[in-house]
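# Examining the three-dimensional arrangement
Given next are the chains, with one letter for each unit.
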Amino acid sequence: MMGTMPTPLISTKLHIPPAPSNLVSRPHLIAALDAARESPQRLILVSAPAGFGKTTLVAEWLRHVGQGAAWLSLDRDDNDPLRFWRYLVTALQTADPGIGRSLHWAFETQTLPPLELGVPALVNDLAGSARPILLVLDDYHLIETESIHYGLNYLIDRLPADVRIVITTRADPPLRLARLRSNGQLTEARTADLRFTCEETADFLNRVHQLDLPEEDISRLAHLTEGWIVGLQLAALTLHRHPDRHAFVAAFAGDDRHIVDYLLQEVLDQQPPPVRTFLLQTSILDRLCSPLCEAVTGLPDGEGMIRRLEESNLFLLPLDNRRYWYRYHTLFADLLRRRLNQEVSSAERIGLYRRAALWFEREGLLFEAITHSLAAPDHPLAADLLERHALTFFFRSESSLLRIWLKDLPADFLRSRPLLSAVYAHTIAHSGIHRPFVVRSAEIWLDQAKQAFQNLIAPSAAAPADPEYLTLTRNFIALSEAFLATWHNEDPRKVIELAQQALAGLPPADRSPLDSNYHRIRSGLNYLSGLHYIAVGDSAAAERAFLEARIIGEASGDLLNAFASASGQFRILHLQGRLPEAAALCREALNSIGQPGEPPIPYAGLLYVDLGKIQLEWNEVAAAEESIQKGLGLLRMAPATYVQAEGMAALADILQIRGDTSAASALLQADKNTPQLMEYSILHRVRTWIRQGETDAALGWALGKGLEDGSRLESLALCRIILACTPSRSGRRKILGLPDLASLGEYLERRLQAAEAAGWTDWMIELLLLQALAWQADGDSQKAIASLRQSLSLAREGGYVRRFINEGPPVYKLLKDMEGKSGALDPYIERLLAAGAKEENRAADGPQPLAEPLSRRELEVLRLMASDNSNAEIATKLVITPNTTKKHITHIFRKLGVTNRSGAILRARELGLVA
């Protein structure tokens, strides 16, 4: 249950910094950047330590360039991939508003599409722009997230010819610089290029700062600072106030590792005591405003002090056009904090952080309040803040953030606070519900929560605890125990019993405020009950529980369980085969749950995936892909593993429909630690093996398996393998111990009876379809058509399409036989046959100029060969055996008329089969 609080974009991050009053023009560097812009470069890298004028130089260049420039100032918060890409696209829109329209849904839902989809869409928009574009990423050294580096590499490799990316950084980024450099696609401006020359130093000191220094002093300062611009700026501030400027220059010494401390002492010590104290005390703030500064320092007139700092050019930067929020220059702030730590006691420093945290809490800025208390570190205050507000973040599905904060507290603080221990147990479990050791760790912390609670209510307790706190904690622990039974995969009836007991222990609904945590707990328990009523086949009870959970969740602001319960309602409709109603429910819930204008929380992703599954069943492939991508983006950090697995499986089906079997297989192999995803992966692999005629691989997986041995998906996979065994392979099937067609028929009949008793029409459609294929394989076309007719009768109202065409030619033959026997055109059957014909006629790469065309699988092998993959790598990527790979390569050689790899690749390129 993870998510992000709604965060508006900070427009100041997208503004090209204005020219400073002390600007020294650098025409030779501007000319070098202009040359890079006109050459076939992809990346312009401006890399140097702090204070060498990287940002100022690039900003001056962009003012010279004019239109087509986009700016993004980065900070450490941009290490969140969603935040980074959202800002990057918005920055590009300042250069061309048309860029990013294809990712409009990502802005609406605050989701990050998979790299392979999002970046190509962005590249296409850039290619369609009518003007050259320069995108500047300022202070890229603050980005440390590997996936962002990977995504930026991906973008740089695919940039259109008239787009350049400019990076300013204190350290070389982990991008493919060597390759760009060797390909002539990288322009670099480094420390040696950025250092002020003696002429520029003279211009800066004497023209800009009007110091009237002799050439000897200028030369000495230029030499000692090695052209370091910030060092010269700090020196200039000192020289303005020094009675003997020549003596100051003569005494000036040290290298760039020591100059800052020396100059800071000169600058800071020359400030009046109130200014100096204000600078040190407010250095703990990442951003500051006058009321906050007044709260931290305990002094009035924060606005006047901020204005004085700004007028004195003391490294204070405005963050908005109203000049309300500011920040210190990063280097200046770092040095102020260092001096603060040297001059004040730990208790005094913690007091500053404490006052800041309490101000943020009063203003409702809870994130900042907690982070400042932890930064102090003020663990007692942090623990108090978390106890007051942890459930606010929890029911907003901020589990990951809570886990980080709670982990930063000393374990003793958690152990003594039962509510925090129980919340911590939840956040641990949400980091990996399917991993036993994670669940065990959550269980240990929940046990600790129960023990701490008992200590609080024991007669020997040091002081009586707040009754309201005890009641809330007891009820949250009861909620946690019910969820723990779920995490342990215990009998659904036990989970229902625990949930009902927890519901009975809640205060009466009419005695709690509508938005209270008690109602949110009630919503979660009803959702949990509904989920397990489905498992025991009581759909009526499940519907009631989901409806109540959704109503309570919406009313109390528990959007997490409101969305989850709407997905539960969808699940029942889907199982009942009521696809139009299920799709309508998804759309209605997505429009009604939550506040207008606010992005949905992660659990809204459940409904996007649910809607996408229906759209895919209706063969609306493009719409399904868009919905599922939105859903998976939202669910990326949510513990909805089964829905994520269903979404990934649906995406794999879409890739398969488009002929990209290798990408589909890779998608399902992405997380081998997720059992639900691996089950879908098995079913997909079996279908692929059968479609490609690789029955041996399928039989190898099925060795010794029985129809009742595994999960429902594994049983379906085994059913298809049995059906794929032609009469010539029946002996092999017996040797491997697989069930025969008679056993398959008995199994399907038992499953059909159970599905019919539960009212699960969706399962009945699939089971009847498999039954029809089983009768067909047994040679009884009359019974096959009868079973298929039953399946179609149930599927017609829901508009099922892919359920039938996924089975391929055997079903098409039965459909044609059925239509031939009826003698009348059936629009539904005609629709299925038309969809099937389109599926069969879709060529992977168009017509092939070969007498004996390559199969789709052979084309995939050929492309991987052309990309210099070894046989073993090809086998791994296509999820086939090395022997099967060799067979495919042998067939490719024969069809192309060659005898080796190099000849095959050369011939394939001549024929246009590979790039």
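Structure first, text after, so check above.
The sections below set out a description of the structure shown in this document. None of the values given here were measured: they were computed from a predicted structure.

Thresholds, definitions, all that
Residues numbered from 1 in each chain as written. Predicted model: local features only at pLDDT ≥ 70, side-chain atom pairs only at ≥ 80, totals over all residues. Heavy atoms only, no water. Salt bridge = Lys/Arg side-chain N within 4 Å of Asp/Glu carboxyl O. Helix = DSSP H or I, 4+ residues; strand = E, 2+ residues; numbered from the N terminus. Buried < 20%, exposed > 50% of the residue type's maximum accessible area, 1.4 Å probe, protein only. Core = buried A, V, L, I, M, F, W, Y, C linked by side-chain atoms within 4.5 Å. Pairing = 2+ DSSP bridges. Contact = heavy atoms within 4.5 Å. Right-handed = clockwise from strand over helix to strand, strands pointing away.

### Section: the pattern of salt bridges
Applying the stated criterion across every chain, the model contains 44 salt bridges. For Arg 720, the salt bridge goes to Glu 807, with nearest N and O atoms at 2.5 Å. With a gap of 87 residues between them, Arg 720 in helix 37 (residues 712–724) and Glu 807 in the loop between helix 42 (802–805) and helix 43 (809–822) connect regions that are remote in the sequence. Take Arg 720: its relative accessible area is 6%, and that puts it in the buried class. On the accessibility criterion, Glu 807 (15% relative accessible area) is buried. Here the salt bridges do not stand alone but share partners, grouping Glu 617, Arg 712, Arg 720, Asp 762, Glu 766, Arg 803 and Glu 807 into one network.

### Side note on the nonpolar core
Residues Phe 563, Leu 744, Leu 788, Leu 792 and Phe 804 are the most contacted members of the largest nonpolar core, which totals 129 residues. Broken down by element, this core gets its largest block of residues, 10 residues, from helix 29 (residues 559–575). Ile 306, Leu 386, Leu 472 and Leu 479 belong to the second largest nonpolar core, which has 86 residues in total.

### A look at the pairing of strand 1 (residues 43–47)
Judged by how many residues are buried, strand 1 sits mostly within the fold: 5 of 5 residues are covered. Side chains of strand 1 alternate between two faces, with Leu 43, Leu 45 and Ser 47 and Ile 44 and Val 46 buried alike. When strand 1 meets strand 4 (residues 163–169), the two strands line up parallel, connected through 5 bridges. From the neighbouring strand, Ile 44 faces strand 4, where its bridge partner is Val 166. Note that strand 1 and strand 5 (residues 186–189) share 4 bridges and pair parallel. Across the sheet, the residue bridging to Leu 45 is Glu 188, located in strand 5.

### Quick word on the side chain of Asp 378
Tracing the backbone through its elements, the reader meets Asp 378 in the loop between helix 19 (366–375) and helix 20 (379–394). By relative accessible area, Asp 378 is classed as buried at 5%. Each residue touching Asp 378, except ones within four places of it in the same chain, is listed here: Ile 350, Arg 354 and Ser 373.

### What to know about the pairing of strand 4
A large share of strand 4 lies buried, amounting to 7 of its 7 residues. Going residue by residue along strand 4, you find Val 163, Ile 165, Ile 167 and Thr 169 tucked away on one face and Arg 164, Val 166 and Thr 168 tucked away on the opposite face as well. Both strand 3 (residues 133–138) and strand 4 contribute to a ladder of 5 bridges, which runs parallel. Residue pairing across strands places Leu 135 opposite Ile 165, the latter belonging to strand 4. Handedness of the strand 3-helix 6 (residues 146–157)-strand 4 crossover: right-handed.

Function cannot be inferred from these measures alone, as they are strictly geometric.
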